[in-house]
Amino acid sequence: MNKVLVIGSGGRCDAICMKLKESEKIDFLFAAPGNPGMARYAILVPIAVDDVDGLVNFALKEKIDLTIVGPEASLALGIVDEFNKHGLKIFGPTKKATMVESSKAYAKDIMKKYNIPTASYEVFSDYDSAINYVKSNNTYPLVLKYDGLALGKGVVIVNNFEEAKVTLNDMLVAHEFGKSSVVIEEYLVGKEFSFMCFVNKENVYKMIPAQDHKRAFDNDLGPNTGGMGAYTRLKFLTNEDINYSYEEIMVKMAKALVKENNPFTGILYGGLMKTKDGIKVIEFNARFGDPETEVVLPCLKSDLYQAIIDILNDKEPELIWDNRPTLGVVLASKGYPKTYQKNFEIFIPPFENGYVFHMGTKINDDKLYTNGGRVLMVVNQGYTLEEAKDLTYDMVDSIECANLFYRKDIGKDSL
C-alpha cells in the first residue's frame, strides 16, 4: 500500500497533487497543510510547512512511502535532512544543497568556479561598500539581489543611483528581508525562460521549458510578483537552445555540486535568459517553480510518482511529454503584491476542460473565499498557443469575484 505526502499549500502543490492522483500506484495521497483545491485529490493534514517535527512525526505514524516537498521554506529548514535521519523517503535537496536558492552568492560562486554562464557580479554585506561600488560602477540598469530567501520579491532592478541607494538601504540597513548580504550584478537583456529538471546527483532529466510573467501588469509594467502567468512551447527557443541549456547549465550545475561534496536531489530550476551573447543563468531554485509547474505538469503524460521513485532508485525514469502548448493565467487580489484584502467570495463554474489551481483560497460555510495575494491559476491546453490562450481566458472570464485582477497578455512573446 503506497502512501504519498505532498508538503505545501499553493498552486504548484495543487498541480503536483493533480498529477499524482492520476497514478494507479498510489493508494493514499496526503497534503500538508494543503488548500481547498488540493482537497479534490488529497486528504488534507493541518500541519504547517515549517513544522518539521510535526511533518516527520506524521510521516512516521502513517508510514508514508514518499514525501514530495513544494515550498523553499521547508527545504531551507532542512526537512530533507530530518526525513533522511528517520529513514523516510523524500524527494528534495538537503539544507546545504538548497543553498543554490537560499544563497544567491553561493550559487553565483559555484557558477563562476565551474564556468556556468551568468551575469558578472559582486557581493556586499556592508552598505557603505555597496554604495561606493555602485558609485564607481555608474552603469544602469543594475540588478540588486538579496542573498537569502525573499518569496520571489528580493530582486530589484534599479535605473539610477537614487533607486540603488533606497534599495540597498532597504536590504542592508533596514533588513527588509532579513540580515544577509546583497549581490549586485550586471543587467542582462533578452527573453527569460524557466527550465526545470529532475535531478539525483549527476543524473539530470529535463522537463519542457516554460516562460512566466513576473510583473504585475500588462506589458511587463508594475512591481515584481511571484508570477502572474506562464506558458509552454516557447517560439523563441530552438532545440539547440534547449540542448545547450541542458548540457552547459543544468547538467554542469548538478555535476559541480557533486564535485563540491554537496550533491543535489530534487527539482533543479534554472531561471535562464536568452541574450545576444547566448543563454545565461539569472538564478537557480531548488524546487518546482510557481507558476511554471501549473503549466508544465499538465503536459506530462507518464506517471509522475513512478518517475520520482525511479529517480530516487538511480533508474532512468519514463518521461513522456504532450507537445501541445499550455497557457495559464493567475487571478490575484487587487493591490497584490502590495497591500490587499482577503475574504471575497469566489464563484467557479464547473468546467469540462482545463484546470483551476488554487493558490490562495479558503472554505468557510461551504463557500470559497480569497485568502492570499495570488488566488487562482487557470490553465488550458490547445493545439496552438493561440487556442490555449483563448480557452484559458474564456474560463477566466467565467469566474466571478469582486476583488480579482489578472494580466491579459500572457504568452505574448510566443504568440
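The shown structure was predicted, so the numbers you read here are calculated from the model rather than taken from an experiment. (Residues numbered from 1 in each chain as written. Predicted model: local features only at pLDDT ≥ 70, side-chain atom pairs only at ≥ 80, totals over all residues. Heavy atoms only, no water.)

Things to note about the environment of Phe193
Threshold: A run of H or I in DSSP counts as a helix once it spans at least four residues, and a run of E counts as a strand once it spans at least two, with each numbered from the N terminus.
By secondary structure assignment, the location of Phe193 is in strand β10 (residues 190-200). Each C-alpha atom of the pair Phe193 and Glu163 lies 26 Å from the other, and the pair is 30 residues apart in sequence.

A closer look at the pairing of strand β21 (residues 361-364)
Rules: Pairing between two strands requires that DSSP report at least two bridges joining them.
The pairing of β21 with strand β22 (residues 367-370) spans four bridges and is classified as antiparallel. Counted as the bridge partner of Lys362 is Tyr369 from β22. Between β21 and β22, which pair antiparallel and follow one another directly, the connecting turn spans two residues, one of which, Asp365, has a positive phi of 55°.

Description of helix α8 (residues 161-173)
Test applied: One less than the residue count of a helix, multiplied by 1.5 Å, gives the span that helix is expected to have. A 1.4 Å probe rolled over the protein chains alone gives each residue an accessible area, and that area as a share of the maximum for its type sets the label: buried under 20%, exposed over 50%, partly exposed in between. Within this analysis, the arc is defined by the directions that extend from the helix axis to the C-beta atoms. In what follows, a contact means two residues having at least one pair of non-hydrogen atoms within 4.5 Å. The term polar contact refers here to a pair of N or O atoms within 3.5 Å; inside protein, the definition further demands a hydrogen-donor-capable atom paired with an acceptor-capable atom, and it admits residues adjacent in sequence only when both atoms are side-chain atoms.
The terminal C-alpha atoms of α8, which comprises 13 residues, lie 17 Å apart, in line with the 18 Å expected from a rise of 1.5 Å per residue. Here α8 has its buried residues at Ala164, Thr167, Leu168, Met171 and Leu172. The buried residues of α8 occupy one face: seen down the axis, they fall within an arc of 110°. In the core, the buried residues of α8 are packed alongside β6 (121-124), α7 (127-137), β7 (142-146), β8 (155-158) and β9 (182-186). Where α8 begins, one side-chain oxygen reaches toward the backbone nitrogen of Glu162, 3.2 Å away; that side chain belongs to Asn160. Just beyond α8, the residue with positive phi is His175, at close to 50°.

Overview of the nonpolar core
Convention followed: The term nonpolar core refers to a set of buried residues drawn from Ala, Val, Leu, Ile, Met, Phe, Trp, Tyr and Cys, joined through side-chain atoms within 4.5 Å.
Ile79, Val100 and Phe284 are the most contacted members of the largest nonpolar core, which has 70 residues in total. Counting residues per element, this core draws most heavily on helix α9 (residues 239-259), which supplies nine residues. Aside from chain neighbours lying at most four places away, what touches Val100 is Tyr106, Ala107, Met253, Leu257, Phe264, Leu268, Phe284, Asn285 and Ala286. If you look at the next biggest cluster of nonpolar residues, it comprises 44 residues, including Met196, Met207, Ala230 and Leu304.

So, unusual backbone geometry
Backbone phi values are negative for most residues with the exception of glycine, while trans is the configuration of most peptide bonds. Look at the link from Tyr140 to Pro141: it is a cis peptide, with omega at 0°. Tracing the backbone through its elements, the reader meets Pro141 in the loop between α7 and β7. Phi at Asn219 is positive, roughly 60°, even though this residue is not glycine. With respect to the helices, strands and loops of the structure, Asn219 is situated in the loop between β13 (215-217) and β14 (221-224). You can call Asn219 exposed: its relative accessible area is 54%.

Some words on the sheet that holds strand β19 (residues 345-346)
Each strand in a sheet pairs with another by means of backbone hydrogen bonds, the pair being arranged parallel or else antiparallel. Strand order in this open sheet of three strands is β19-β22-β21, and the pairing throughout is antiparallel. A strand with exactly one partner marks an edge of an open sheet, and here the two such strands are β19 and β21. The pairing of β19 with β22 spans two bridges and is antiparallel. Bridge pairing links Ile346 to Leu368 in β22.

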